[in-house]
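# Descriptive structure summary
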Amino acid sequence: MASNDDRRLRPICVFDSGLGGLTVVRELAGALPGEDIIYLGDTARVPYGIKSPETIRRFACEDAAFLLRFNPKMLVVACNTASAAAVDALVAMSPVPVIDMIRPGAAAACEAANGSLIGVIGTEATVRSKAYERAIEACRPGSRVCSVPCPLLVPIVEEGRDADDPIVTHVLCDYLRDMQRRRPGALILGCTHYPLLWDAIAKLMGPDVRLINSGLAAARQAQQMLDAQGELNPRSSLGALRCFTTDNPERFAVLGKRFGGRDLTSVAYVGTDELEGGPR
């Protein structure tokens with residue numbers, strides 16, 4: 001367990017239901033290169049997107065309880081589904097600031113859309129929750145929103161299929177057909193897996209539709225918050241990344257490089273029954 005007296009030296013802790021949150025880690029490392037990051041991917045219980053809100057909240061709180069044992073300065077919920085279902089519970093239990101995916105993404109979309117229709121694609125649970133609709137309404141009342149669930153995209157991405165794969169194109173064409181017709185001013189990629197399909201989505205939607213990466217928006221919010229609080233790590237070199245997974249660490253390390261854009265040299269297994277017990 002970390003015991004730094006200087007809050008600037010504490011890590012940022014991040015969790016997701018699986019590998020997708022590593023795209024958020026990539027954005028965090030870009031915005032905050034000196035920060036140490038500890039990541040938990042709950043790969044044994046993925047996907048969260050098809051589970052009940054009660055189950056998602058329980059899993060998210062267990063993930064957070066594990067990471068809070070590292071004495072972080074910030075907790076990042078790098079999962080749109082968990083953000084939608086559990087952010088209030090996570091804020092209530094966390095002694096440090098909590099950054100979610102929904103509110104930063106919604107704010108970025110409102111700015112980009114400039115009053116036009118805002119599109120959202122995400123998991124079934126995220127879309128069903130209407131969390132983006134509520135966040136967009138709070139940010140810019142009266143905004144029009146069109147949301148589409150895309151349940152096949154997460155398993156397709158985790159299979160390693162790229163944006164130029166014909167299967168990816170076929171599935172996206174089906175999901176985005178109505179969105180293409182309605183021509184939103186901005187389209188929120190409401191799942192942390194979706195940035196890996198950025199090129200294919202951008203090609204189908206065309207140059208007039210601004211794609212919104214909620215992970216990038218969240219990383220910028222984290223940077224602004226730590227800067228305002230005087231808690232930026234003063235290190236000039238790249239911070240360390242330490243990962244935990246609730247399933248196969250070897251597979252996590254191999255697939256995780258594609259999501260995070262860097263070699264994962266520290267990946268350890270933690271059982272789901274151990275999450276509330278904290279790190280070993």
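Everything numeric in this text was worked out from a predicted model, so none of it was measured. (Residues numbered from 1 in each chain as written. Predicted model: local features only at pLDDT ≥ 70, side-chain atom pairs only at ≥ 80, totals over all residues. Heavy atoms only, no water.)

Our focus in this paragraph is the overall build of the protein. Counting secondary structure elements, the protein contains 11 helices and 10 strands. A compact globule built from 280 residues should have a C-alpha radius of gyration of about 19 Å, and the protein, at 18 Å, falls within 12% of that. With the C-alpha coordinates of the protein rotated into their principal frame, the extents come out at 55 × 40 × 40 Å. Relative to its full complement of 280 residues, the protein shows a buried share of 55%. Here the contacts in the protein between residues at least 6 apart in sequence split such that 77% fall between residues at least 24 apart. Total accessible area on the protein is roughly 12000 Å²; 50% of this is exposed by carbon and sulfur atoms. Charged side chains in the protein number 31 positive and 33 negative. The centres of these two groups are separated by 3 Å. (Helix = DSSP H or I, 4+ residues; strand = E, 2+ residues; numbered from the N terminus. Rg over C-alpha atoms; globule rule 2.2 N^0.38 Å. Buried < 20%, exposed > 50% of the residue type's maximum accessible area, 1.4 Å probe, protein only. Contact = heavy atoms within 4.5 Å. Areas by Shrake-Rupley, 256 points an atom, 1.4 Å probe, with all protein chains shown as cover. Lys, Arg positive; Asp, Glu negative; His and termini not counted. Charge placed at Lys NZ, Arg CZ, Asp CG, Glu CD.)

Time to look at helix α8 (residues 166–182). The terminal C-alpha atoms of α8, which comprises 17 residues, lie 24 Å apart, in line with the 24 Å expected from a rise of 1.5 Å per residue. By the largest-angle criterion, L176 marks the main kink of α8, which is about 55°. If you check which residues of α8 are buried, you get V168, V171, L172, Y175, L176 and M179. Contacts made by the buried residues of α8 are with β5 (118–122), β6 (145–149), α7 (153–158), β7 (186–190) and α9 (198–205). Two to three positions downstream of the cap, the backbone nitrogen of I167 sits 2.8 Å from a side-chain oxygen, assigning the N-cap of α8 to D165. Once α8 ends, the next one or two residues include R183, with phi positive near 50°. (Expected span 1.5 Å × (residues − 1). Bend = angle between axes of the 7 residues up to and from the residue. Polar contact = N/O pair within 3.5 Å; in protein donor to acceptor, adjacent residues only side chain to side chain.)

For the structure on display, the rule yields 5 aromatic pairs. Their ring planes at 40° and their centres at 6.1 Å tell us that Y39 and F252 sit as a pair that is tilted. Here the residue Y39 occupies a position in strand β2 (residues 37–41), and F252 occupies one in helix α11 (residues 249–260), the gap between them amounting to 213 residues. Aromatic pair F66 and F244: ring centres 5.1 Å apart, planes at 80°, arrangement edge-to-face. (Phe/Tyr/Trp six-rings, centres within 6.5 Å; stacked < 30°, edge-to-face > 60°.)

Looking now at the pairing of β6. Across the two faces of β6 the burial differs, with C146 and V148 buried and V145, S147 and P149 not buried at all. Direction of pairing for β5 relative to β6: parallel, over a ladder of 5 bridges. The residue of β6 that forms the bridge with G122 is P149. (Pairing = 2+ DSSP bridges.)

In a beta sheet, neighbouring strands are held together by backbone hydrogen bonds and run either parallel or antiparallel to one another. In space, the 6 strands of this open sheet follow the order β4-β3-β1-β2-β9-β10, with parallel pairing throughout. Since the sheet does not close on itself, it has two edges, and those belong to β4 (98–99) and β10 (267–269), each with one partner. Across the sheet, helix α2 (residues 53–68) lies against β1 (12–16), β2, β3 (74–77) and β9 (241–245), angled at about 155° from β1, the strand it touches most. The sheet strands contacting α11 are β2, β9 and β10, and the helix crosses β10 at an angle near 150°. (Axes fitted to C-alpha atoms, helices over the stretch in contact; angles between N-to-C directions.)

One open sheet accounts for 4 strands, arranged β6-β5-β7-β8; its pairing is parallel. A strand with exactly one partner marks an edge of an open sheet, and here the two such strands are β6 and β8 (210–213). The sheet shows a mean angle of 20° between the axes of neighbouring strands, taken without regard to direction. Pairing geometry for β5 and β7, over 5 bridges, is parallel. From the neighbouring strand, G122 faces β7, where its bridge partner is G190.

Counting 51 residues, the largest nonpolar core has V14, L22, L28, V76, I121 and I201 as the members making the most contacts within it. Per-element tally for this core: the top contributor is α8, with 6 residues. Sequence-distant contacts of I121, defined by excluding residues within four places in its chain, comprise V148, C150, L176, M179, L187, I188, L189, G190, C191, Y194 and I201. In this structure, I38, Y48, A60 and L67 belong to the second largest nonpolar core, which totals 26 residues. (Core = buried A, V, L, I, M, F, W, Y, C linked by side-chain atoms within 4.5 Å.)

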